[in-house]
Amino acid sequence: MENLQLRSFADYKKAYKKSIKDPEAFWDEVATTFTWQQKWDKTLEWDFKTPEVKWFQGGKLNITENCLDRHLETLGNKTAIIWEPNDPDEESRYITYRQLFVKVSHFANVLKNNGIKKGDRVCLYMPMIPELAIAMLACARIGAVHSIVFAGFSSSAIARRINDSDCKMLITANEVYRGSKKVNLKEMCDKALEETPGVETVIVYRRTVEPTPMKEGRDKFWFDELQKAEKECPAEVMDAEDMLFILYTSGSTGKPKGMVHTVGGYMVGTTYSFQNVFQLEKDDVYWCTADIGWITGHSYIIYGPLASGATTVMFEGIPSYPDYGRFWDIVDKIKVTHFYTAPTAIRSLAKQPLNFVENHDLSSLKVLGSVGEPINEEAWHWYNDNVGKGNCPVVDTWWQTETGAIMISPLAGITPTRPTFATLPLPGVQPVLMNNEGEEIPNTTEPVEGRLAIKFPWPSIARTIYGDHQRYKDVYFSTFENKYFTGDGAYRDATGNYRITGRVDDIVIVSGHNLGTAAIENAIDEHEHVVESAVVGFPHDVKGNSLYAYVILYDKVEPSEELEKEIKDIVSQTLGPIAKPEKIQFVSGLPKTRSGKIMRRILRKIASNDTDNLGDTSTLLNPEIVDEIMAEAKHD
Ligand code: 6R9
């Protein structure tokens, strides 16, 4: 495997320049370092109007040959995955590249034996155990499309996602450990399966010994199926533009968006960015604490690290169990060199006494990463000073489910860092800031602020929204002509460094989870006593943001604490506990524009207790409502 790593800031600048001048030649050279069964004949075809993006057309490959087979000769005995269980007294698991190759091939035959073929969609609802990695790679091995649903989502969220992409199979575990709790995943699945007629088979991995009710003919145990399956499985020949996976992300209408990633470009983008941002050396131990249910886990626990032949850590538990020193305990125990986590985790750990950090030897650490939301100055310094001891570059990596790979980030040890700045675009990434008139803000040495867009395709961009190409066009390519719109705002300083300021649409990021306010409003509106609701985010010192719901009740219904609880429960059941509003205010009306749109800007300011400058309310249909809402607002 050839190394893709840039080694100096001069290297970076040279590569960046080349990638802009001749993107095709640049990515051609990167892509050549991978294993292809047949070389592509067209590097790029694109049109942001249609929109259509195709990379490496005519190329044939299988991503698992790049993540597994090609390492066997030189890295067969190297540890691919280190698994750390929820309970520190349970044994860790070390899986070498060769063992992983065998397990993936074996399980791929289980999929085949159960009727799964290339192109079929398979839903994975699993805890953070190696079998999740095995199942996803097994899908990729035979060309089936995995759709991983985060194992904290509710049954109706699972059902919606299964039906949206018509999954034929569901893979799950009977139970999952999460801190001191045990959650019954199979029960959640059974409830979801009442509404998913398309699912023919359910494969259940036994994580615990508890008895698990199984439905005859439909449900099968992982272990039993393995007994019946052959061990060897040739990799399916895939076109570069064949689908690799679908991953759902929140949208600003109620329906989640099934982002589609394809094999070739995604592999090239995640691997190139992984190697350059993190700058791993041969024996390093890399740990990304994300859940594989999110894009960060897909790209930077599994595909990027494995395609690079790295040792990647999977952690089943939570940062606070058995105590707030757990992360540092693991770093110390397995000598983690690269640690990648989210600002919300950093903030929650920073609130604890420092001895949780200081009791552990963190001298193995070389690089620290951050992802998921803007990292505030205080959290950045706490991380840098107490975890990195001032010796580890902090890479603040900005990207999205839709971008597949890191887009703006320092390269560790190479790009000068600056607290709260994601700094500079990776080679191949062409960001632009747009003003309120929809024009590009010129690249001068003036500091500027605007909406962040990208003006040229990169290999790992999502190709469409599953089953809804029009929505893909509307959401990402209609705000600015000929540009991909990220939904984020950003500031650019005099030296071209970017700082992401946050979402400018109706997505709120709570503890690193993207939540569409529309989906939460739809859930609240399901309550029989609710007429209408509006949900906004407000700043929270650990979670980044919290949710505030304004709710209008039917006449004659009295607001009560019980009703508040029922509303929270309904959200929890429909979307999962992470979407539960922290505050609910019953109101008699919502501020609306003359065209009937809720003025969220005002509601956001009231929720944030920042009402000195509410802006112009004169265009409202019902300006009097603002004073009423302000008078009864809930502030701590
Ligand atoms: C990878 C991931 C995407 C949204 C994105 C932005 C926010 C992610 C960030 C960041 C500031 C960073 N975001 N990384 N904001 N600095 N380093 O998180 O994907 O779950 O799709 O979220 O997260 O708002 O638009 P996803």
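The rules behind each value
Residues numbered from 1 in each chain as written. Predicted model: local features only at pLDDT ≥ 70, side-chain atom pairs only at ≥ 80, totals over all residues. Heavy atoms only, no water. Buried < 20%, exposed > 50% of the residue type's maximum accessible area, 1.4 Å probe, protein only. Helix = DSSP H or I, 4+ residues; strand = E, 2+ residues; numbered from the N terminus. Arc of directions from axis to C-beta. Contact = heavy atoms within 4.5 Å. Salt bridge = Lys/Arg side-chain N within 4 Å of Asp/Glu carboxyl O. Axes fitted to C-alpha atoms, helices over the stretch in contact; angles between N-to-C directions. Nonpolar A, V, L, I, M, F, W, Y, C, P; charged D, E, K, R; others polar. Near = heavy atom within 4 Å. Polar contact = N/O pair within 3.5 Å; in protein donor to acceptor, adjacent residues only side chain to side chain. Areas by Shrake-Rupley, 256 points an atom, 1.4 Å probe, with all protein chains shown as cover.

For the rest of this paragraph, the subject is helix α2 (residues 23-31). Turn by turn, an α-helix covers 3.6 residues, leaving residues three or four places apart pointing in a common direction. Every buried residue of α2 is accounted for by P23, F26, W27, V30 and A31. Buried positions in α2, seen along its axis, are confined to an arc of 125° and lie on one side of it. Elements in contact with the buried residues of α2: α1 (9-21), β2 (52-57) and α10 (263-278).

Time to look at the pattern of salt bridges. Tallied over the entire structure, the rule returns 41 salt bridges. Notably, a salt bridge pairs D120 with K117, separated by 3.5 Å at the nearest N-O pair. When its relative accessible area of 10% is taken as the criterion, D120 is described as buried. Between E281 and K366 there is a salt bridge, with its nearest N and O atoms 2.9 Å apart. One end of the pair, E281, is in the loop between α10 and β16 (285-288); the other, K366, is in the loop between α14 (355-358) and β19 (367-370), with 85 residues separating them in the sequence. Given a relative accessible area of 48%, E281 falls into the partly exposed group. Taken together, the shared-partner salt bridges in this structure form one network comprising K186, D190, R218 and D219.

Running from N to C, helix α7 (residues 155-164) and helix α18 (residues 561-575) point in directions that differ by 40°, and their axes come no closer than 4 Å. Packed against α7, whose contacting residues are S156, A157 and R160, the element α18 presents Q573, T574 and L575 at the interface. Residues that form the contact of α7 with α18 fall into these classes: 2 nonpolar, 3 polar and 1 charged.

The next point concerns the site of the ligand. Surveying the vicinity of the ligand reveals 17 residues, the closest of which are D396, T397, T401, D488 and R503. R503 places a polar side-chain atom, nitrogen or oxygen, 2.7 Å from an oxygen atom of the ligand. At 3.0 Å from an oxygen atom of the ligand is found a side-chain nitrogen or oxygen belonging to N514. Bound to the protein, the ligand loses 95% of the 520 Å² it would expose on its own.

The values reported here are purely geometric and, on their own, carry no functional implication.
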